[in-house]
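If you want the building blocks of each chain, they are given just below.
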Amino acid sequence: MKQLIYTILLLTLYVSCKKTVEPSKTGLITKNAMVVSARVEASKIGSDILKKGGNAFDAMAATQLALAVAYPYAGNIGGGGFMVYRKANGEIGGLDFREKAPLAATTDMYLDEDGNVIPEKSTLGAMAVGVPGTIAGVFAVHEKFGSLSIEDIIKPAIELAYRGVIVTKKQEEKIAHYMPLFKRANKYSTLFHKPWKKNDTIKYEALAKTLTRIMTHGKDEFYKGDTAKRLAKFIQENGGILTEEDLARYEVKWRDPVSFKYDDLNIISMSPPSSGGVCLAQIMKMIEPFHLDEYGHNSLKTIQVIAEAERRAYADRSFYLGDPDFVDIPIETLTQKAYLNKRMSDFSFKKATLSSDVSHGDIQVIESNETTHYSIIDTFGNTVSVTTTINGAYGSKLYCSDLGFFLNNEMDDFSSKPGVPNMFGVTGGEANSILPEKRMLSSMTPTIVEKDGKLLMSIGTPGGSTIITSVLQTILNVHEFNMTMQEAVDAPRFHHQWLPDEIRMEPNSFNDTLIFQLEKLGYSINEKDSPVIGKVDGILVLNDELLEGGADHRGDDTAVGF
């Protein structure tokens, strides 16, 4: 009898412990302004600009350049990106400073004489380099919206480059991992041929000098001046096709973002050539009729609904989306409720849909995961959401020691070999085929969320094709599952992108029973290839108008504000 009472007491204690609600985990809370980025040095420089009286656009330019110094893995002046903004008065817009194909680029430039893709030609070395857009983007933002002088904006990055950046453990591991590729891509030894260790300080003197010339002579220094000449010469000496004319002809594009409703939210995200906004709209409209809040966070039903919506959106992505200056994209049709309801009409909770049964194309879009994102809200109520990249980790691995930065391998984001005709007679991937001066398709999804006409969230992430789904799940975590910004960012993530036909899951984050249930329904689960899905950085405006930063624990990401 005593043993029975003891067992009952233990069970009661266990049940009561299970019911105990853990306190919410919150990120940095500030009153006035905030910057969240991949490195503390960049976040601090952006925050200091805001503290100085600058606006979110001043801080965007300063943070972008600071990331080029502090985070060469993805921060850059040798790449490009997208910005979505919302001004305090509710005005919204987007900036496309995505890289472009050089004038000498051709549709089959990465194929051999038998029509097969030549390994690494579009990823490693000078042939992979697209025309960089970052410096043009920084100056376009400053010219249109900046309030501080360009010296105020660029000087902190120059000083940081001279002072040096302390190596983190994660950075030490990344440099060591990519060392063999640095050696293969570069004829001569570079700053990154040395095995840097945690707590070492890397000084970027060549980059400091390049930024100083840009500060003195403006955007034309990079695109038409001495820097342009040296850059084009370096790329050609290493076997590339980018010329001084390519640099001189580069221009950014101001674009209208994709804007759509989900419940009582208004989502504002990037338009093509980013696929982010269109895909996000498709997925969210497909899942809106389902009761995710009742199914529960990362439950069997929730994962099914989201994965099936993702599968269908990514099938459309590979087929329809590309540079809108070169192809007609039926955005209105793709995001219409009637069309999307029809897309989900064959979904069943009883079994998985096969990707082979979801029409469009037969080309798999492969995109590197190594991008970076930063979110900013200023004291005036303006916000920017910016995702920027050199595509792969350290881009093409080609490092211009003379100028002090890595070059992108963005040409790999084109379809090197478009697929076969689909049921409509149109070739899958053709919309994203290579043409001179064309911008390559991207998954970058810088996003701003409004609620009841007010700013609610600025959010984005790196992660290649997982960007869209990471942004999606983070928004849902806040809206459907009442998480704090930090909890929403930290929560385990999963991903489906049509092809390959599998759900990728962060390892050791989902229980075995759930995985077994999904597999029983016909889903293929892959926990091996996605140790990290996104590194989300976001800012949430709380009910009392304080700001909460969510900096992803998966990286060295940091929120700074005041």
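This text goes with the structure placed above it.
Here is what the cut-offs are and how they apply
Residues numbered from 1 in each chain as written. Predicted model: local features only at pLDDT ≥ 70, side-chain atom pairs only at ≥ 80, totals over all residues. Heavy atoms only, no water. Helix = DSSP H or I, 4+ residues; strand = E, 2+ residues; numbered from the N terminus. Rg over C-alpha atoms; globule rule 2.2 N^0.38 Å. Buried < 20%, exposed > 50% of the residue type's maximum accessible area, 1.4 Å probe, protein only. Areas by Shrake-Rupley, 256 points an atom, 1.4 Å probe, with all protein chains shown as cover. Lys, Arg positive; Asp, Glu negative; His and termini not counted. Charge placed at Lys NZ, Arg CZ, Asp CG, Glu CD. Salt bridge = Lys/Arg side-chain N within 4 Å of Asp/Glu carboxyl O. Contact = heavy atoms within 4.5 Å. Pairing = 2+ DSSP bridges. Core = buried A, V, L, I, M, F, W, Y, C linked by side-chain atoms within 4.5 Å. 1 Å grid on protein atoms, 1.4 Å probe; cavity = no way out; pocket = protein on both sides within 12 Å on 5 of 7 lines; lining within 4 Å. Points joined across faces, edges and corners; volume = space filled by probe spheres on them. Nonpolar A, V, L, I, M, F, W, Y, C, P; charged D, E, K, R; others polar. Axes fitted to C-alpha atoms, helices over the stretch in contact; angles between N-to-C directions. Parallel < 35°, antiparallel > 145°, perpendicular 65-115°, else oblique. Left-handed = near helix turned anticlockwise from the far one by under 90°. Phe/Tyr/Trp six-rings, centres within 6.5 Å; stacked < 30°, edge-to-face > 60°. Lys NZ or Arg CZ within 6 Å of the ring centre and 35° of its normal.

(A) Just the overall build of the protein, in detail. Counting secondary structure elements, the protein contains 18 helices and 21 strands. Relative to the 2.2 N^0.38 estimate, which gives 24 Å for 562 residues, the radius of gyration of the protein is 23 Å and therefore close to what a compact globule would have. For the protein, with 562 residues in total, the buried portion stands at 62%. Taken as a whole, the protein presents about 22,000 Å² of accessible surface, with 52% of it coming from carbon and sulfur. Between the averaged position of the 60 positive side-chain charges in the protein and that of its 72 negative side-chain charges there is a distance of 4 Å.

(B) A look at the side chain of lysine 174. Along the chain, the position of lysine 174 falls in helix H6 (residues 169-185). This buried residue, lysine 174, is left without a salt bridge; aspartate 556 holds the nearest opposite charge, at 5.7 Å. Those residues in contact with lysine 174 that lie beyond four places of it in its chain are Tyr71, Tyr73, Tyr394 and Lys535.

(C) Looking closely at the sheet that holds strand E18 (residues 525-526). Spatially, E16-E17-E18 is the arrangement adopted by the three strands of the open sheet, whose pairing is mixed. At either end of the open sheet lies a strand with only one pairing partner, and these are strand E16 (494-495) and E18. As defined by bridge partners, strand E17 (residues 503-505) adjoins E18 across two bridges and the pair is classed as parallel. Residue arginine 504 lies in a different strand from E18, and its bridge partner there is asparagine 526.

(D) Local environment of the nonpolar core. Ranked by internal contacts, the top residues of the largest apolar core, which has 85 residues, are Met60, Met83 and Ile154. Of the residues forming this core, the biggest block, twelve residues, is contributed by helix H3 (residues 56-70).

(E) View of empty space enclosed by the protein. Under the definition given, this model contains eight cavities of 30 Å³ or more. If you add up the space inside the largest cavity, you get close to 90 Å³. If you trace the largest cavity, you find 14 residues lining it, with Ala68, Pro72, Gly404, Phe405 and Phe406 closest to the centre. Of the residues assigned to the lining of the largest cavity, the class counts are ten nonpolar, four polar and no charged.

(F) Spatial organisation of the pattern of salt bridges. Evaluated as defined, the whole model comprises 33 salt bridges. A salt bridge links arginine 98 to aspartate 413, with the nearest nitrogen and oxygen atoms 2.8 Å apart. Remark: aspartate 413 occurs in the loop between strand E13 (405-406) and strand E14 (447-451) and arginine 98 occurs in the loop between strand E4 (92-96) and helix H4 (134-145); sequence separation between them is 315 residues. Per residue, the accessibility class of arginine 98 equals that of aspartate 413, and both read buried.

(G) Main features of the packing of helix H13 (residues 300-320) against helix H18 (residues 512-520). Two elements in contact, H13 and H18, have axes whose closest approach is 10 Å; the angle formed by their N-to-C orientations is 50°. One finds that H13 runs oblique with respect to H18. Two packed elements cross with a definite hand, and for H13 against H18 that hand is right-handed. When H13 is examined against H18, the residues Leu300, Ile303 and Gln304 are found in contact with a partner set consisting of Leu514, Gln517 and Leu518. Class assignment for the residues of the contact of H13 with H18 results in four nonpolar, two polar and no charged.

(H) Seen up close, the packing of aromatic side chains. For the structure shown, the criterion picks out 27 aromatic pairs. Both rings, one in phenylalanine 192 and one in phenylalanine 406, keep their centres 5.0 Å apart while their planes meet at 55°; by these two values the pair is tilted. With phenylalanine 192 in the loop between H6 and strand E6 (201-202) and phenylalanine 406 in strand E13, this residue pair connects regions lying 214 residues apart in the sequence. Judged by its relative accessible area of 5%, phenylalanine 406 is buried. An aromatic cluster of at least three residues, connected via ring pairs, comprises Tyr71, Tyr73, Tyr178, Phe182, Phe192, Tyr204, Tyr394, Tyr399 and Phe406. A cation sits over an aromatic face here: lysine 144 above tryptophan 254, 4.2 Å from the ring centre. Positioned above the aromatic ring of tryptophan 196 is the side chain of lysine 194, whose terminal nitrogen or guanidinium carbon lies 4.0 Å from the ring centre.

In short, geometric facts, not functional conclusions.
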